[in-house]
Amino acid sequence: MMEFWNRVLDLASTTADRVGAQLLLDFGRVQGLEKADGSLVTQSDRWADNEIRSSILKVFPDHAILSEENEHGFTDARWTWVIDPLDGTTNFTRGIPLWGISIGLLYEGMPVFGYVYFPPVSQTFYGYWAGDTGLDLPTGAYLNNRSIHVSEDRPSSNHFFSLCARSIQVWQPGFPCKIRMLGVATYNFLAVAAGASLGGVEATPKIWDLAAVWAIVHAAGGSWRSLRAEPTFPAVVGRNYGSYAMPCLIVNQSELADLVLPLMASIRK
C-alpha cells in the first residue's frame, strides 16, 4: 500500500510543480471572465485544469475526477480526485502573489490526502488523514517537507483569524483576534494548520476549495466545523457540487470554535 501512496505524492508534486511553473509565467498578465457564481476564470485556469486531469488519468485511469472547471457531479467511484487548478484567481489576475494549486484525493467520499502548492511564495503543503476509513496510509501534515501542527495558543488581539469576503458580516467589536482576508480559501485554512493563525471561516466554499485542506488540517490537529446542518464530508453520490456551497469554520482548538460559532449565525445554513 505504501507504494500506492508514494505514487500519489509523486503525481501530485510533479504535476503541481510543472503547472505552477507555467502559471508563474502567466501571473498578472491574463484577464478573467466572470462566471455565473460571480467568481473569475481565466485561460490559465482552464489550461491548468486540463493538465492536472490528464496527468491523473495517465497514472490512475480508473479513478474519478471532480474539478472546478470541468466535472461537478460526484459518482460512486471508490477513489475520486478533487482539484482546484488555480485557487485565488482574482489575486492571480490582479498581480497579488497569493494563489495556489489544490489537489485532493477522496476514498469513498472522504478526503484522505491533500496537496496544495503556492508557487509565488514557494510553499507546498501536503498531508494524510485516514479518519475512519480503515486505510493504511502515511501520517502527518507538512509544509515544505517539515512537519506542521496547529498553534496551542489562546486567542488575543495579536493573533490572526481569517475571514472571506462573504463572511465579513460576522465581525463585530469584541472579536477575539485580528481579522485577515487573504482571498484564497485554501491558504486561509492551511495557515491554521501551520500555526500561523488560529482560525478561519469560509461562507461559500466549494468542494474543490476544501478536499485537499481537509486532510492536511486534520493531520495537523485542527478542529473542523461545518456551518451546514450536515457534515462537510463524506461527499454525497449524485450531488452536483458546482452549485453546492459548503460553509465551514476551521480553528486550532475546539474551545475557540465554541467561542466564535455564535458569531457565525448569519452564514450558517
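Below you will find a few notes about this structure. (Residues numbered from 1 in each chain as written. Predicted model: local features only at pLDDT ≥ 70, side-chain atom pairs only at ≥ 80, totals over all residues. Heavy atoms only, no water.)

## Concerning the overall build of the protein chain
In terms of helices and strands, the protein chain carries six helices and 14 strands. Taken over C-alpha atoms, the radius of gyration comes to 17 Å for the protein chain, in line with the 18 Å a tight globule of 269 residues would show. Within the protein chain, buried positions represent 55% of all 269 residues. For the protein chain, the accessible area works out to roughly 11600 Å², and carbon and sulfur atoms hold 49% of it. Taken as two groups, the 20 positive and 26 negative side-chain charges of the protein chain have centres that lie 6 Å from each other. (Helix = DSSP H or I, 4+ residues; strand = E, 2+ residues; numbered from the N terminus. Rg over C-alpha atoms; globule rule 2.2 N^0.38 Å. Buried < 20%, exposed > 50% of the residue type's maximum accessible area, 1.4 Å probe, protein only. Areas by Shrake-Rupley, 256 points an atom, 1.4 Å probe, with all protein chains shown as cover. Lys, Arg positive; Asp, Glu negative; His and termini not counted. Charge placed at Lys NZ, Arg CZ, Asp CG, Glu CD.)

## Section: the nonpolar core
Of all hydrophobic cores here, the largest spans 37 residues; its most connected members are Phe 125, Phe 189, Ile 207, Trp 224, Phe 233 and Tyr 241. At ten residues, helix α5 (residues 207-219) tops the list of elements feeding residues into this core. Apart from the residues lying within four places of it in its own chain, the contact partners of Phe 189 are Gly 200, Val 201, Glu 202, Leu 210, Val 213, Val 217, Trp 224, Cys 248 and Ile 250. If you look at the next biggest cluster of nonpolar residues, it comprises 32 residues, including Leu 11, Ile 56, Ile 65 and Trp 79. (Core = buried A, V, L, I, M, F, W, Y, C linked by side-chain atoms within 4.5 Å. Contact = heavy atoms within 4.5 Å.)

## A closer look at the sheet that holds strand β9 (residues 146-147)
With respect to topology, seven strands assemble into an open sheet ordered β3-β4-β5-β6-β7-β8-β9, the strand pairing being mixed. Looking at the sheet topology across the chains shown, the edges are occupied by β3 (64-67) and β9. With four bridges connecting them, strand β7 (residues 123-128) and strand β8 (residues 140-143) associate as antiparallel partners. Of the residues in β8, the one forming a bridge with Tyr 128 is Gly 140. The sheet strands contacting helix α1 (residues 2-26) are β4 (79-87), β5 (100-107), β6 (110-118) and β7, and the helix crosses β6 at an angle near 30°. Against the sheet, helix α2 (residues 43-59) contacts β3, β4 and β5, and its axis sits at roughly 155° relative to β4. (Pairing = 2+ DSSP bridges. Axes fitted to C-alpha atoms, helices over the stretch in contact; angles between N-to-C directions.)

## Concerning the packing of aromatic side chains
With the rule as written, the count across this model stands at 22 aromatic pairs. Their ring planes at 35° and their centres at 6.0 Å tell us that Phe 27 and Phe 92 sit as a pair that is tilted. Of this pair, Phe 27 sits in the loop between α1 and β1 (33-34) while Phe 92 sits in helix α3 (residues 89-94); the two residues are 65 residues apart in sequence, bridging distant segments of the chain. On the numbers, 6.1 Å between centres and 20° between planes, the contact of Tyr 115 with Tyr 126 is stacked. Of the two residues, Tyr 115 sits in strand β6 while Tyr 126 sits in strand β7, which places them eleven residues apart along the sequence. With relative accessibility at 11%, the residue Tyr 126 sits in the buried group. In textbook terms, an aromatic cluster arises when at least three aromatic residues are bridged by ring pairs, as seen for Phe 4, Trp 5, Phe 60, Trp 79, Trp 81, Tyr 107, Phe 113, Tyr 115, Tyr 126, Tyr 128 and Tyr 142. One cation-aromatic arrangement involves Arg 239 over Tyr 244; the distance from NZ or CZ to the ring centre is 4.0 Å. (Phe/Tyr/Trp six-rings, centres within 6.5 Å; stacked < 30°, edge-to-face > 60°. Lys NZ or Arg CZ within 6 Å of the ring centre and 35° of its normal.)

## Looking at α1
Look at α1: 36 Å from first C-alpha to last across 25 residues, which is about the 36 Å you get at 1.5 Å a residue. Every buried residue of α1 is listed here: Phe 4, Trp 5, Val 8, Leu 11, Ala 12, Ser 13, Thr 15, Ala 16, Val 19, Gly 20, Leu 23 and Asp 26. Those residues of α1 that are buried lie in contact with α2, β4, α3, β5, β6 and β7. Following α1 by one or two positions, Gly 28 has its phi on the positive side, about 75°. (Expected span 1.5 Å × (residues − 1).)

## A short note on α2
Residues spaced three or four apart along an α-helix face the same direction, because each turn holds 3.6 residues. The first and last C-alpha atoms of α2 sit 25 Å apart over 17 residues, in line with the 24 Å expected at 1.5 Å per residue. For α2, the complete set of buried residues consists of Ser 44, Asp 45, Ala 48, Asp 49, Ile 52, Arg 53, Ser 55 and Ile 56. Here the buried residues of α2 occupy an arc of 160° about the axis, which is enough to place them on one side. Residues of α2 that are exposed and point over 90 degrees away from its buried face: Gln 43 and Lys 58. (Arc of directions from axis to C-beta.)

## Quick notes on the packing of helix α4 (residues 185-193) against α5
Two elements in contact, α4 and α5, have axes whose closest approach is 9 Å; the angle formed by their N-to-C orientations is 5°. Taken together, the axes of α4 and α5 are roughly parallel relative to one another. Between α4, through Ala 185, Thr 186, Phe 189, Leu 190 and Ala 193, and α5, the contact on the second element is made entirely by Asp 209, Leu 210, Val 213, Ile 216 and Val 217. A breakdown of the residues in the contact of α4 with α5 according to their chemical character gives eight nonpolar, one polar and one charged. (Parallel < 35°, antiparallel > 145°, perpendicular 65-115°, else oblique. Nonpolar A, V, L, I, M, F, W, Y, C, P; charged D, E, K, R; others polar.)

## Things to note about the sheet that holds strand β14 (residues 248-251)
Taken in spatial order, the five strands line up as β11-β10-β12-β14-β13 in an open sheet, and their pairing is mixed. The strands lining the two open edges of the sheet, one partner per strand, are β11 (178-180) and β13 (223-226). On average, each strand axis in the sheet is tilted by 20° relative to the strand beside it, whichever way the strands run. Of the strands in this sheet, β10 (160-162), β12 (199-202), β13 and β14 are in contact with α4, which crosses β12 at around 155°. Contacts from α5 reach β13 and β14 within the one sheet, and its direction differs from that of β13 by about 140°.

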